[in-house]
Amino acid sequence: MSRPPYDHVAFIGLGLIASSMCHAIRAAGWDCTITGTARSAETRDIAREIGLCDRVTDSAAEAVEGADLVVLCVPVGAMGGVMEEIAPHLKPGATVSDVGSVKGAVIEAVTPHLPDGVWFIPAHPLAGTEHSGPRSGFATLFQNRWCLMTPIEGTPEAEVARLDRFWTGIGANVDMMDADHHDLVLAVTSHAPHLIAYTMVGVADDLRRVTASEVINYSAAGFRDFTRIAASDPTMWRDVFLNNKAATLEILGRFTEELFALQRAIRTGDGDHLFDYFTRTRDIRRGIIDAGQDTDAPDFGRVGPDTSKAAPAADTPPAKRSQGG
Ligand SMILES: NC(=O)C1=CN([C@@H]2O[C@H](COP(=O)(O)OP(=O)(O)OC[C@H]3O[C@@H](n4cnc5c(N)ncnc54)[C@H](O)[C@@H]3O)[C@@H](O)[C@H]2O)C=CC1
Ligand SMILES: O=C(O)C(=O)Cc1ccc(O)cc1
């Protein structure tokens, strides 16, 4: 059994990300204590029933007692309130981290409550699914995925390196980034695309001349992907948009300008515009494949550790389900 970066890890919120981290810690073979809590009694009961943690507590205060690493795994709008609640109960020298999809607003909400001698090191694993709840996690979720850390000035390098070791140990590739830049990058690569998916599924639903069964039966791959994404947790995504307003609105502004230009090209029959645009976008996709960054594509060499042998049945994503909260 290898030595864990932290002897005691506590999770606040026991949904997809926290439950995947619990499974991944176990799969890493670390001898460390895991405690956890969730807001709803139903989630805590499920977590106890499936043995997610060594101990599931009824309060956040109890969960963090004695923990070396506390990971906030709640929607981004709830991070500040949770930090305020746990602050008096944190062990001196502990690290608090989070997994939120937005970094700037989370840092702003959390740091005012940070006690002296406790470090807050924000992190964001770029890995997930449309499922949520304590049953939805799986050990391999972070394999070969990036985890972006956005450390705050003044945090000891050794503590940042320790959290880096934690994420690397559960399969992720770690990169460091400034929080504002993270939020802009994610607005482009994740937040705006999710909003577009939500919109497209809403448009299909509104269109009375196309029936729901036609949409279901004749969905080509693009729309199917949109429906998968649009099935993501509404609370989580409401909070993402409300907490990454500026960057998301900037990207959506640019998106609508380009969309109008494409709309005009279709109306005026400007085939060259369409062809040139689609050629440019195809090159971007090829660049992603060449860099080995599309983990779903069959034809590339992946970055990071080889995980091809590491997937016993219990570690693979569970079938479609969503529960708890
Ligand atoms: N789902 C995804 O694909 C990804 C999510 N994230 C981030 O991870 C965090 C957690 O997301 P998931 O695990 O997917 O969510 P989830 O919905 O599966 O679990 C959320 C947990 O937070 C608890 N919770 C909700 N509101 C709360 C509140 N006000 N106070 C205390 N606890 C509360 C729920 O009881 C539940 O245990 C979010 O901040 C999200 O932005 C990051 C990467 C991917
Ligand atoms: O399921 C998908 O397609 C995702 O995009 C998962 C995801 C959702 C939110 C994040 O902050 C990171 C990853």
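Here we summarise the structure given alongside this text.

About the thresholds
Residues numbered from 1 in each chain as written. Chains lettered and ligands numbered in written order. Predicted model: local features only at pLDDT ≥ 70, side-chain atom pairs only at ≥ 80, totals over all residues. Heavy atoms only, no water. Phe/Tyr/Trp six-rings, centres within 6.5 Å; stacked < 30°, edge-to-face > 60°. Helix = DSSP H or I, 4+ residues; strand = E, 2+ residues; numbered from the N terminus. Buried < 20%, exposed > 50% of the residue type's maximum accessible area, 1.4 Å probe, protein only. Lys NZ or Arg CZ within 6 Å of the ring centre and 35° of its normal. Near = heavy atom within 4 Å. Polar contact = N/O pair within 3.5 Å; in protein donor to acceptor, adjacent residues only side chain to side chain. Nonpolar A, V, L, I, M, F, W, Y, C, P; charged D, E, K, R; others polar. Domains from an automatic or database assignment. Core = buried A, V, L, I, M, F, W, Y, C linked by side-chain atoms within 4.5 Å. Contact = heavy atoms within 4.5 Å. Arc of directions from axis to C-beta. Salt bridge = Lys/Arg side-chain N within 4 Å of Asp/Glu carboxyl O. Axes fitted to C-alpha atoms, helices over the stretch in contact; angles between N-to-C directions. Parallel < 35°, antiparallel > 145°, perpendicular 65-115°, else oblique.

### Considerations on the packing of aromatic side chains
Using the criterion set out here, one finds 5 aromatic pairs in the structure. Here the aromatic rings of Tyr6 and Phe166 are separated by 6.0 Å at their centres, their planes lie at 70 degrees, and the arrangement is edge-to-face. One end of the pair, Tyr6, is in the segment before β1 (8-12); the other, Phe166, is in helix α6 (residues 157-169), with 160 residues separating them in the sequence. Residue class for Tyr6 comes out buried when judged on its relative accessible area of 1%. Phe166 sits in the buried class, given a relative accessible area of 2%. Seen in terms of ring centroids, Phe166 and Trp167 are 5.8 Å apart; in terms of plane orientation they differ by 85 degrees. Their pairing is edge-to-face. Of the aromatic side chains, those joined through ring pairs into one cluster are Tyr6, Trp30, Phe142, Phe166 and Trp167. The cationic tip of Arg280 hangs over the ring face of Tyr277; the distance from NZ or CZ to the ring centre is 5.1 Å.

### As for the site of ligand 2
With respect to spatial proximity, the complete set of residues near ligand 2 consists of Ser101, His124, Ala127, Gly128, Thr129, His194, Arg228, Met236 and Trp237. In the environment of ligand 2, an oxygen atom lies 2.7 Å from a nitrogen or oxygen atom belonging to the side chain of Ser101. Measuring from an oxygen atom of ligand 2, one finds a side-chain N or O atom of Arg228 at 2.7 Å. When the residues that make up the shell around ligand 2 are grouped by side-chain class, the tally is 3 nonpolar, 5 polar and 1 charged. When residues are assigned to domains, the shell around ligand 2 turns out to be shared by domain 1 (8-177) and domain 2 (181-269), each giving three or more.

### Remarks on unusual backbone geometry
Not every positive phi belongs to a glycine, and Asn144 is a case in point at roughly 65 degrees. Take Asn144: it is sitting in the loop between β6 (119-125) and β7 (146-149). The exposure class of Asn144 is buried, given its relative accessible area of 6%.

### Thoughts on the nonpolar core
The biggest cluster of nonpolar side chains holds 38 residues, and the ones touching the most others in it are Phe11, Met21, Phe142, Phe166 and Trp167. Elements with a contribution of two residues or more to this core: β1, α1 (16-28), β4 (69-72), β6, β7 and α6. Broken down by element, this core gets its largest block of residues, 7 residues, from α1. When near neighbours in sequence (up to four residues on either side) are disregarded, Met21 contacts Phe11, Val71, Cys73, Val99, Phe142, Phe166, Trp167 and Ile170. Among the nonpolar cores identified, the runner-up in size contains 26 residues, and Ala67, Val70, Leu72 and Val110 belong to it.

### Some details on helix α2 (residues 41-49)
Because each turn of an α-helix spans 3.6 residues, side chains separated by three or four positions in sequence point in the same direction. All of the buried residues along α2 are Thr43, Arg44, Ile46 and Ala47. Around the axis of α2, the buried residues are gathered within 160 degrees of arc, so they sit on the same side. Gly51 sits one or two residues past α2 and shows a positive phi near 65 degrees.

### Notes on the pattern of salt bridges
Pairing of side chains with opposite charge becomes possible as their charged atoms draw close. One pass over the structure, following the stated rule, counts 12 salt bridges. A salt bridge links Asp7 to Arg3; the shortest N-O distance between them is 3.5 Å. Judged by relative accessible area, which is 64%, Arg3 ranks as exposed. Put simply, Asp58 and Arg48 hold a salt bridge, and the shortest N to O gap is 2.9 Å. Pair noted here: Asp58 is in the loop between β3 (55-56) and α3 (60-64) and Arg48 is in helix α2, with a separation of 10 residues, a long-range link. Three or more residues joined by partner-sharing salt bridges are found here, namely Arg44, Asp45, Arg48 and Asp58.

### Points about the packing of helix α7 (residues 179-206) against helix α9 (residues 221-230)
Contact geometry for α7 and α9: axes closest at 8 Å, N-to-C directions at 110 degrees. Judged by the angle between their axes, α7 and α9 are roughly perpendicular. Contacts from His194, Ile196, Ala197, Tyr198, Met200, Val201 and Ala204 of α7 reach α9 at Phe223, Phe226, Thr227, Ile229 and Ala230.

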